[in-house]
Amino acid sequence: MADGVFEPRRIIVTGGCGFIGSNFTRWVVESTDCDVVVLDKLTYAGNPENIAGLPDDRVRLVVGDICDADLLDELMPEADAVVHFAAESHNDNSIAGPEPFLRTNVEGTYRLLEACRRHGKRLHHVSTDEVYGDLALDDPARFTEETPYRPSSPYSSTKAASDMLVRAWHRTYRVPATISNCSNNYGPCQHVEKFIPRQVTNLIDGVRPKLYGDGMNVRDWIHAEDHSSAVWAILTRGRVGETYLIGADGERSNIDVLREVLRAFGRDEGDFDWVRDRPGHDRRYAIDSSKLRAELGWRPRHTDFAEGLAEVIEWYRDNEAWWRPAKGATEAKYRAQGQ
Ligand code: NAD
Ligand code: TDX
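Throughout this description, residue numbers start from 1 for each chain and increase along the sequence as written. For this description, chains carry letters from A and ligands carry numbers from 1, given in the order in which they are written. Whole-chain, interface and lining totals are the exception, using all residues; otherwise, since this is a predicted model, local features are given only for residues with pLDDT of at least 70 and side-chain atom pairs are given and counted only at 80 or more. Heavy atoms throughout the structure, all of them, feed into the side-chain values; hydrogens and water do not.

Here we look at the pattern of salt bridges
Then, number 1: Criterion for a salt bridge: a side-chain nitrogen of Lys or Arg within 4 Å of a carboxyl oxygen of Asp or Glu. The tally for this structure, following the rule as stated, stands at 31 salt bridges.
Then, number 2: For E107, the salt bridge goes to R103, with nearest N and O atoms at 3.9 Å. Placement of the pair is E107 and R103 together in helix α4 (residues 99-119), with a separation of four residues, close to one helical turn.
Then, number 3: On the basis of relative accessible area, R103 is assigned to the partly exposed category, the value being 38%.
Then, number 4: R301 is the partner of E225 in a salt bridge, and the nearest nitrogen-oxygen pair spans 3.8 Å. Residue E225 is found in helix α7 (residues 224-237), and its partner R301 is found in the loop between α9 (290-296) and α10 (305-318); the two are separated by 76 residues along the sequence.
Then, number 5: The classification of residues rests on relative accessible area computed with a 1.4 Å probe and restricted to protein chains. Under 20% of the type maximum is buried, over 50% is exposed, and intermediate values are partly exposed. By relative accessible area, E225 is classed as partly exposed at 29%. Helix and strand definitions follow DSSP, with helices as H or I runs of at least four residues and strands as E runs of at least two, each counted in order from the N terminus.

Written out as structure tokens, the structure is:
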């Protein structure tokens, strides 16, 4: 191990068949010598296709639940660290039915912490900027590592709870842990329930996109690949016990993003439906990632949002077989909610 650098040979990636966990798994296999054991329950959001084509001798998929302590005891000895992406991740689902969020996000993180404690392993916990609540549109402030926790939704409150568990297990039991809180990701393989894939696949289907509320809510977009490189930097070179915010200065209102998607389809900018707002809808997220950049020298590579969005649109056009099976049930659920 080089001075101050943690060089894992094999890591467990929880949620590695989801949108970001699979992007990270691919990134690790393609950019490092580290092998990966993916631990994924394959919920509605997990798809083994997301890691298809990666070499069998570098990536092993274990289908299982992070709440299964016996399974964790079995897997821990073969890994140097756990990178924890597994979660129930969709705000609207958490409003309709919060219970799975409590179980996976809170109990699941607790089980992983206990397993890391028993086996003396390192944990990187992947979290969200939503733990900080929201900012006003005209507020010049952005979230920093010092911003107080103020989560709004059942989803973000369970992520906040999981962050608190990680901090407590580090302080009390000295579990070697790091935490990252990232802003909204976009990229290929994102579930069609999320904003950008929902509108893109609606347009492919000839259905009008759906915008919540007044469309002025702001999200701070980052490409999933930049999230992946940041998590690797923190895992290998970050200081144990520290939190790092991840963001790429990508603030945009929802209506601006939607207009850009409509333009890419050659449609009129007003060609969408206003639908019922999300209860408790956070107004604005914005990340100040100075600590990550200054301490670890991390920089995002995907800095042209229009270009990234065009690639994502092309990916959904080219991969209908990937998203089609989930589309009908997702839209039926939204329709029932008036969204
Ligand atoms: P996702 O919903 O696409 O994937 C979640 C994965 O976790 C799925 O493969 C699912 O099968 C698996 N999973 C769920 N419950 C499990 C359990 N009990 N045991 C094992 N596996 C289980 O989520 P995502 O968008 O890729 O998000 C990944 C992580 O990143 C989450 O922790 C999320 O909070 C965080 N995050 C996401 C974003 C974003 O914009 N999507 C932004 C910041 C942080
Ligand atoms: O159809 C829609 N219309 C719409 O206007 C959908 C699905 C969403 N929206 C709005 C709500 C949000 O303001 O778009 C914005 C983005 O919505 P989501 O894709 O659901 O993301 P968000 O709620 O911002 O949370 C995401 O980023 C932070 C991820 O889902 C979380 O896992 C992550 O923690």
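Notes on the site of ligand 1
Then, number 1: Near, as used in this document, describes a residue that has one of its heavy atoms within 4 Å of the molecule or strand being considered. The immediate surroundings of ligand 1 are formed by 28 residues, with I20, D40, S89, Y155 and K159 found nearest.
Then, number 2: With respect to ligand 1, the side chain of D40 contributes an N or O atom lying 2.6 Å from an oxygen atom.
Then, number 3: Separating a nitrogen atom of ligand 1 from a side-chain N or O atom of T104 is a distance of 3.1 Å.
Then, number 4: Elements that contribute at least two residues to the shell around ligand 1 include exactly α1 (19-31), β5 (122-128) and α5 (154-173).
Then, number 5: Tallying contributions element by element places β5 first for the shell around ligand 1, with three residues.
Then, number 6: Gly counts as polar in this scheme, as do all residues outside two lists: the nonpolar Ala, Val, Leu, Ile, Met, Phe, Trp, Tyr, Cys and Pro, and the charged Asp, Glu, Lys and Arg. Of the residues assigned to the shell around ligand 1, the class counts are twelve nonpolar, twelve polar and four charged. Throughout this description, a polar contact denotes any pair of N or O atoms lying within 3.5 Å of each other; where both atoms belong to protein, one of them has to be capable of donating a hydrogen while the other can accept it, and for residues adjacent in sequence the pair is counted only when both atoms sit in side chains.

Thoughts on unusual backbone geometry
Then, number 1: In the Ramachandran plot, L42 falls in the positive-phi region, its phi being about 55° despite a non-glycine side chain.
Then, number 2: Even without being glycine, R174 reaches a positive phi, approximately 60°.
Then, number 3: Its place among the elements puts R174 in the loop between α5 and β6 (177-182).
Then, number 4: Its relative accessible area of 55% is what places R174 among the exposed residues.

Some thoughts on α5
Then, number 1: Compared with the 28 Å implied by 1.5 Å per residue over 20 residues, the 28 Å span of α5 between its first and last C-alpha is a close match.
Then, number 2: Of all the positions in α5, only Y155, S156, T158, K159, A160, S162, D163, L165, V166, W169 and H170 are classed as buried.
Then, number 3: On its buried face, α5 sits against α3 (91-96), α4, β5 and β6. An expected span of 1.5 Å times one less than the residue number is assigned to each helix. We call two residues in contact whenever any of their non-hydrogen atoms come within 4.5 Å of each other.

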